[in-house]
Each structure stands twice: as structure tokens, then as C-alpha cells.
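Geometric and topological summary
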Amino acid sequence: MNVLRVVTIDDEPLARERVSALARETPGLALVGEARNGLEALDVITRLEPDLIFIDVEMPELDGFGVIAALEVSRAPAVVFITAYEQYALQAFEVDAVDYLQKPVTRARFAAAVARAQDRVGQAETQWRGVVAGAAAAGRARGHRTRFVVRRGNRHHFIPVSHVDWIDAADNYLQLHVGARTHLARGTMKQAEDELDPAHFLRVHRSAIVAIDRIATVESSDAGTWDITLSNGTSVHSSRPYAARVRELLR
Amino acid sequence: MTDLAATCRQRNAAILLWLGGLIAAIALGLYASPPALPPGSGRVFPRMSAPAPDVRTLLYMLGIGSIVWFMAVVALPALMWGARRVDRGGNRAQAVIIAGLAVVTLFAASSAIQFFMLFRGAPVRPSFPEYLPAALRQDLLPWVALVGIVAAIESRRRARAGVVEHERLRAEVAEQRLIALTGQLQPHFLFNTLQGISTLIHRDADAADEMLSRLSDLLRELLRHRESGLVTLDEEMRFTRTFLEIAEIRFADRLRFDIEVQTALERALVPLFILQPLVENALSHGIGALAEGGRVTIRASRDAGALVLEVHDDGTGVVSAREGVGLRNTRERLRASFGDEQSLTLSSRSPHGTVARIRLPWRESPSS
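First things first, this report covers the structure right here in the doc. Here the structure is a predicted model, which is why all the values come from computation and not from measurement.

**Regarding the overall build of chain B**
Across its full length, chain B holds 9 helices and 7 strands. Counting over 368 residues, chain B shows a buried share of 30%. Taking as baseline every contact in chain B between residues at least 6 positions apart, the subset at least 24 positions apart corresponds to 74%.

Following this line, the structure appears as C-alpha cells:
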């Protein structure tokens with residue numbers, strides 16, 4: 001059996017210490033990295049591409065679900081969530097995790113989670129889509145998105161949604177236009193539309209969302225569509241299915 | 001007890017006074033001679049235009065006129081009793097009937113006494129039923145006045161009872177919410193502490209012992225103060241210190257903390273564990289993210305009529321990211337305890353860090 005490469009993620013040093021110790025002493029596991037917050041987790045997972053991650057759900061700034069939703073990896077890890085507080089456990093199952101562990105983590109329970117992970121590592125790829133979608137849904141359930149996580153090289157950063165001028169689609173990514181720069185973030189237009197506050201963002205095209213307060217002018221063009229010019233001069237076209245929403249804006 | 005005795009004495013005196021008055025009125029009526037009225041005129045009192053009556057006639061009229069007022073006083077408790085029960089569902093009809101019967105009986109009694117006194121020795125007298133309509137007309141005023149008085153007293157009582165009841169319910173709801181919120185010794189904290197103890201057992205049994213003992217202190221405090229919404233600042237700071245001592249172990253040397261409270265402020269009253277979510281925030285958003293750790297400072301000061309509590313950290317946390325469940329609960333607890341007289345603000349410190357500041361109206365625990 002292949003040795004599973006493990007990363008542990010928890011903002012509580014003592015919690016991380018215990019889970020890492022259990023990972024070290026368990027045959028068939030190799031602890032390759034640790035992270036102590038969400039952004040660090042993204043960096044470590046992207047760099048090391050582990051087979052299995054143990055990730056705390058409750059972390060400041062970017063929590064466990066947020067990490068999974070923002071993660072872009074070619075090889076999906078099996079995910080075991082760790083939670084201090086039971087209410088998150090149900091959500092963890094909704095995100096189709098391999099397992100979840102409650103604090104304090106016992107050796108027996110840890111071993112059971114590892115066994116489940118070993119069974120599922122082969123099929124991790126098929127599970128992954130469900131895990132990501134579930135994590136994104138869990139994030140949405142907690143309110144409108146306040147920022148995007150973008151990757152530059154092996155580092156991950158936050159982009160507050162208020163910095164974003166407009167967004168267009170590129171395959172399975174979102175291109176976030178922030179001033180002169182463009183960032184790639186994981187996600188689809190549909191997800192972005194659902195997650196962003198409709199009071200501040202408007203979808204005007206199958207592949208375009210604009211920040212409402214960046215709109216400078218709106219001109220009607222032929223066939224009931226609109227030409228939108230942003231305050232930085234960028235011009236974005238609305239398409240017919242979304243024209244009504246633009247019209248609503250003008251009222 | 002003395003209050004009760006005094007009330008009883010007052011009531012007995014009132015009854016005696018009333019009885020004496022009633023007897024005097026009847027005696028007056030009987031002693032004085034009836035004025036010469038045209039028989040069968042149906043009018044008890046002479047018209048104002050009639051010649052001025054003599055003293056005996058006046059006394060006679062006073063006696064007869066008083067009867068109905070005395071009877072009205074007798075009817076008052078019955079009417080009050082009925083009015084009080086009218087809106088209590090169930091026995092409503094019964095209450096109305098009993099009060100009504102009391103009024104009718106007393107009316108009949110007063111009319112009978114008047115009838116007897118009026119036509120005593122008169123050569124021609126109407127039958128009692130024939131006299132009743134006249135009595136009704138004459139005595140309408142006292143009875144209407146009686147009903148008016150009862151209605152006024154009752155509506156006043158109800159208004160006051162309504163306000164009192166409303167206040168009571170409001171206090172109860174606020175209290176319930178307070179208990180519910182206090183019960184949230186953030187589970188996140190509790191279970192992370194247990195995880196910490198579990199970790200330390202394998203590495204450092206003494207440290208595990210220490211952490212377990214601190215957690216026990218905390219839980220004891222929580223149980224001890226479960227009933228009360230407010231504690232002294234002294235107690236709150238003791239709790240906060242224990243809380244931070246546990247965090248010190250959790251953060252393994254990365255946390256330093258100071259508590260700066262003048263002795264003069266120790267008896268100020270604050271909601272139980274009000275600082276806990278703020279401290280927890282400072283730890284997880286402020287210090288937790290820093291590899292080199294940081295410092296948390298708790299400060300209390302008095303500003304005119306307000307107590308100001310501050311939790312400083314020198315971390316990098318973003319103010320907007322901190323508005324979680326903990327802060328929401330804290331705001332709600334403050335509102336439940338102090339209405340609009342309080343505030344909770346978060347602001348950034350320069351060069352880095354955050355201050356959470358609570359302002360409360362100054363209240364002090366009486367010295368014990």
C-alpha cells in the first residue's frame with residue numbers, strides 16, 4: 001500500500017500538534033506539512049499536493065470550508081474535517097468529506113478516519129467535485145462573499161470584493177479585474193452571481209458581472225441590449241437575457 | 001405586619017364611621033317630620049321654587065337623601081369585584097349577575113327605607129311598586145356616579161397592571177436571553193481547551209494538569225454566577241485572567257497579556273463574561289495568525305458616568321472580519337442589560353492591532 005502524504009491544518013497550536021503526532025505515529029501516513037491558517041493552508045496544499053488533509057473547520061479569516069472552496073490542485077486530496085463544535089459536523093458531511101473528527105481527537109477515532117481515507121484515496125478525484133461544490137455551498141450559507149482568494153505563484157491572497165471592478169469568465173475560472181490588474185479565481189459565473197451581494201454586483205452577460213458602483217454610463221444599443229461603460233473606461237456589453245436587469249438599474 | 005395591622009385599623013374605623021353615618025341618617029329621617037306634600041305627587045323633594053323649608057325639613061331631606069349614598073358605598077366592593085372579573089373569561093356572566101344582584105338588592109333596600117320614611121304617617125300613600133319609578137329617578141345620580149367611579153378605578157388599575165405586566169414580561173424575556181447567551185461559554189473555546197489538555201497529556205502531564213485546573217476554575221465561576229446577570233469588575237477580571245492563562249498554554253509562549261484595572265473600579269458592575277468573546281477575538285484574529293505571537297491588554301477606566309472596558313491586541317486582524325457570532329451576542333447582551341446606554345466599537349490601532357471598546361453606564365455594587 002502506498003504511503004499517504006498528509007498535511008494538518010489548525011490555528012490552534014496544541015490541536016495541530018496532536019493531530020500531527022497521531023499522523024506521525026500511524027503506519028502508512030507521512031506527515032509532509034502543517035499550516036496554521038487558511039491562506040497558509042492554500043499555499044502548503046498547492047505546493048505539496050498531499051493525498052490527505054486534516055483541516056480545522058473553525059479558523060479566523062479563511063475557514064476550512066473556505067480553503068476547500070478556493071483550492072486549485074491538479075490532484076485532489078482526501079479531506080478530513082476537524083471541528084471543535086458539533087454543529088459543523090453535519091455541514092462537513094454535506095461537503096462530502098471523507099470523515100470528520102471532533103475535538104479532542106482520540107487515537108481510535110483518528111485511525112478510523114485514516115482507514116476511511118485509505119479506502120477512498122483512489123476515488124478522490126470523483127469525490128472532489130462534490131467536496132468543492134459542498135464547501136462553496138457551506139460558505140454561501142454564511143452570507144455574501146466578502147472576498148476572493150487568488151493565487152500568485154505558490155502564494156495565495158485575499159482580494160476584497162469591493163476592489164473588483166468587473167468579472168468575466170475564462171473556462172472554470174473567474175477573471176477578476178481590479179484596476180489595471182487581472183486575477184484568476186476559482187469558480188463559475190453562476191457561483192459568483194449567487195455568492196455576491198446583488199446590491200453591489202450585477203450580472204449583465206453570460207460571462208460578465210459588473211460592480212454596480214463602477215458603472216459610469218449605460219447606453220441602449222440595438223436589439224434591446226446595453227453598452228455599459230465603467231468609470232475606468234472599460235466597456236462591457238450586456239446580452240439580451242440580462243437586459244431587463246440593466247433596465248431595472250436605470251429606474 | 002405593622003402595615004397590615006394599620007390597614008385593618010383604618011378599615012375598621014371606616015366601617016364604624018359609615019355605620020354611624022347610616023344610623024344617624026335614618027334617625028334624622030325618622031326624627032324630622034315629613035314636609036306637607038301634595039299626596040300622590042310622586043316627587044320626594046320639594047321644588048326649589050317652593051317656600052324655604054324649615055330646619056327639621058332640611059334634616060329630614062338630608063337623612064333620606066343620604067340613605068342611597070350609604071347604600072352605594074355598600075354596593076361599591078361588589079361592583080369592583082364584578083368589574084375586576086369581567087374580562088377574565090370563564091365566570092364573566094356569573095360576575096356580572098352577582099354584581100348586578102348586589103346593586104339591585106341595595107337599591108331595593110334603600111328605596112324601601114326611603115319609602116318607609118317618606119310616607120310614615122301619611123294619610124294617602126302609594127304602593128311600593130308605584131313608588132319605585134320615582135325612587136329610580138331620584139336615585140339615578142348616585143348610582144350613575146357609583147358606576148362611573150368603579151369604571152374609573154378599574155380602568156386605572158388595569159392600565160397600571162398592564163404596564164406592570166408588560167415590564168415583568170420584558171424583564172423575563174431579557175433575563176431568559178441573558179441566561180441563554182451566558183450559557184455560550186463559546187463551545188469553540190471549550191473544546192479547543194479540551195483538545196489542548198488531550199495534547200498535553202502526551203507531552204507534558206504537569207502542563208495538562210495546569211490547564212485542566214484552570215478550565216475547572218472557569219467552569220466553577222460559570223456555575224457560581226449562573227443565576228446573576230451582573231458581576232463586579234473584580235470578578236470579571238478574575239475570570240478573564242483565568243481565560244487568558246488557558247490561552248497562554250494554548251498559544252505556547254506566543255501570548256503575553258496585561259490586565260490594567262485600578263482598584264477603585266473593582267466594584268463596578270458588568271454583565272457576566274462580557275469580555276470573553278472580545279478576548280477570544282483578539283486571540284484568534286489578532287494573535288493567532290502571528291508566528292511571533294503578540295500581546296493582549298485589558299484596560300478598564302471610568303469616564304464620567306460610564307465604565308469603559310478595552311481589549312487591545314497588536315495583531316494584524318482585519319476589523320471587518322471580526323463581526324462574528326461572538327460579537328453579535330455581545331451586542332445583544334449589552335442591549336438586553338443597558339438598552340441604548342451602551343456601545344461596542346472596534347477600531348484599528350496604529351501601527352497595527354485592534355481595540356474593542358465597550359462603554360457601559362456606571363453602576364456599582366453596594367459594599368459588602
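**A look at the overall build of chain A**
The number of helices and strands found in chain A is 8 helices and 15 strands. Considering chain A as a whole, with its 251 residues, one finds that 45% of them fall into the buried category.

**A look at the interface of chain A and chain B**
Taken together, the contacts link 17 residues of chain A with 19 residues of chain B. Its residues placed into classes, the side of chain A that touches chain B shows 9 nonpolar, 1 polar and 7 charged.

**Concerning the pairing of strand β4 (residues 78-83) of chain A**
Residue and element names in this part refer to chain A. Of all 6 residues making up β4, 6 are buried, and the element is well covered by its neighbours. The two faces of β4 match: A78, V80 and I82 on one face and V79, F81 and T83 on the other face are all buried. The parallel pair strand β3 (residues 52-56) and β4, bridged by helix α3 (residues 64-70), forms a crossover whose chirality is right-handed. Pairing of β4 with strand β5 (residues 99-102), which is carried by 4 bridges, proceeds in the parallel orientation. When the bridges of β5 are listed, V80 appears paired with D99.

**Some remarks on the environment of D56(A)**
Note on placement: D56(A) falls in strand β3. Those residues in contact with D56(A) that sit more than four places away from it in its chain are I9(A), D10(A), D11(A), A15(A), G64(A) and I82(A).

**Concerning helix α2 (residues 38-48) of chain A**
Note that an α-helix has 3.6 residues per turn; residues three or four places apart therefore point the same way. If you check which residues of α2(A) are buried, you get G38(A), L39(A), E40(A), A41(A), L42(A), V44(A) and I45(A). As for α2(A), its buried residues are in contact with β1 (4-9), β2 (29-35), β3, α3, β6 (147-152) and β7 (155-160) of chain A.

**Structural notes on the packing of helix α5 (residues 187-203) of chain B against helix α6 (residues 205-224) of chain B**
Residue and element names in this part refer to chain B. One way to put it is that α5 packs onto α6 with a least axis distance of 7 Å and a crossing angle of 160°. Between α5 and α6, the angle falls in the class roughly antiparallel. The way α5 lies across α6 gives a crossing that is left-handed. Note on element contacts: α6 touches α5 through A205, A207, A208, M211, L212 and L215, opposite T193, G196, I197, L200 and I201.

**Things to note about the sheet that holds β2(A)**
All names here are of chain A. Taken in spatial order, the 5 strands of this open sheet run β2-β1-β3-β4-β5, and their pairing is parallel. The strands lining the two open edges of the sheet, one partner per strand, are β2 and β5. Mean inter-strand twist for the sheet, computed between neighbouring axes without regard to direction, equals 20°. Here β1 pairs with β2 via 6 bridges, running parallel. Of the residues in β2, the one forming a bridge with V7 is G33. Along the sheet, α2 makes contact with β1, β2 and β3, crossing β2 at roughly 140°.

**Quick word on the nonpolar core**
Counting 108 residues, the largest nonpolar core has V79(A) and V80(A) as the members making the most contacts within it. What V80(A) contacts, discounting residues up to four positions off in sequence, is L52(A), F54(A), A97(A), V98(A), D99(A), Y100(A), L101(A), A113(A) and A117(A). Grouped together as the second largest cluster of nonpolar side chains are 21 residues, I67(B), A75(B), A83(B) and I113(B) included.

**Some remarks on the pairing of strand β8 (residues 166-170) of chain A**
Residue and element names in this part refer to chain A. Relative to strand β9 (residues 173-178), β8 is paired through 5 bridges, and the arrangement is antiparallel. From the neighbouring strand, A170 faces β9, where its bridge partner is Y173. A loop of 2 residues connects β8 with β9, the two strands running antiparallel in sequence, and D171 in this loop sits at a positive phi of about 55°.

**Section: the sheet that holds strand β2 (residues 255-260) of chain B**
Residues and elements named next belong to chain B. Taken together, 5 strands build an open sheet; the order of strands is β2-β4-β5-β7-β6 and the sheet is mixed. Each end of this open sheet is capped by a strand with a single partner; those strands are β2 and β6 (343-348). If you compare each strand with its neighbour and ignore which way they point, the axes differ by 15° on average. Across 8 bridges, strand β5 (residues 306-313) lies against strand β7 (residues 354-361) in antiparallel orientation. Its bridge partner being in β7, H312 is matched across the sheet by V355. Across the sheet, helix α7 (residues 233-250) touches β2 and β4 (294-303), and the angle it forms with β2 is around 170°.

What counts as what
- Residues numbered from 1 in each chain as written.
- Chains lettered and ligands numbered in written order.
- Predicted model: local features only at pLDDT ≥ 70, side-chain atom pairs only at ≥ 80, totals over all residues.
- Helix = DSSP H or I, 4+ residues; strand = E, 2+ residues; numbered from the N terminus.
- Buried ≥ 20, exposed ≤ 12 C-beta atoms within 10 Å, placed from the backbone.
- Contact = placed C-beta atoms within 7 Å.
- Nonpolar A, V, L, I, M, F, W, Y, C, P; charged D, E, K, R; others polar.
- Right-handed = clockwise from strand over helix to strand, strands pointing away.
- Pairing = 2+ DSSP bridges.
- Axes fitted to C-alpha atoms, helices over the stretch in contact; angles between N-to-C directions.
- Parallel < 35°, antiparallel > 145°, perpendicular 65-115°, else oblique.
- Left-handed = near helix turned anticlockwise from the far one by under 90°.
- Core = buried A, V, L, I, M, F, W, Y, C linked by C-beta atoms within 7 Å.

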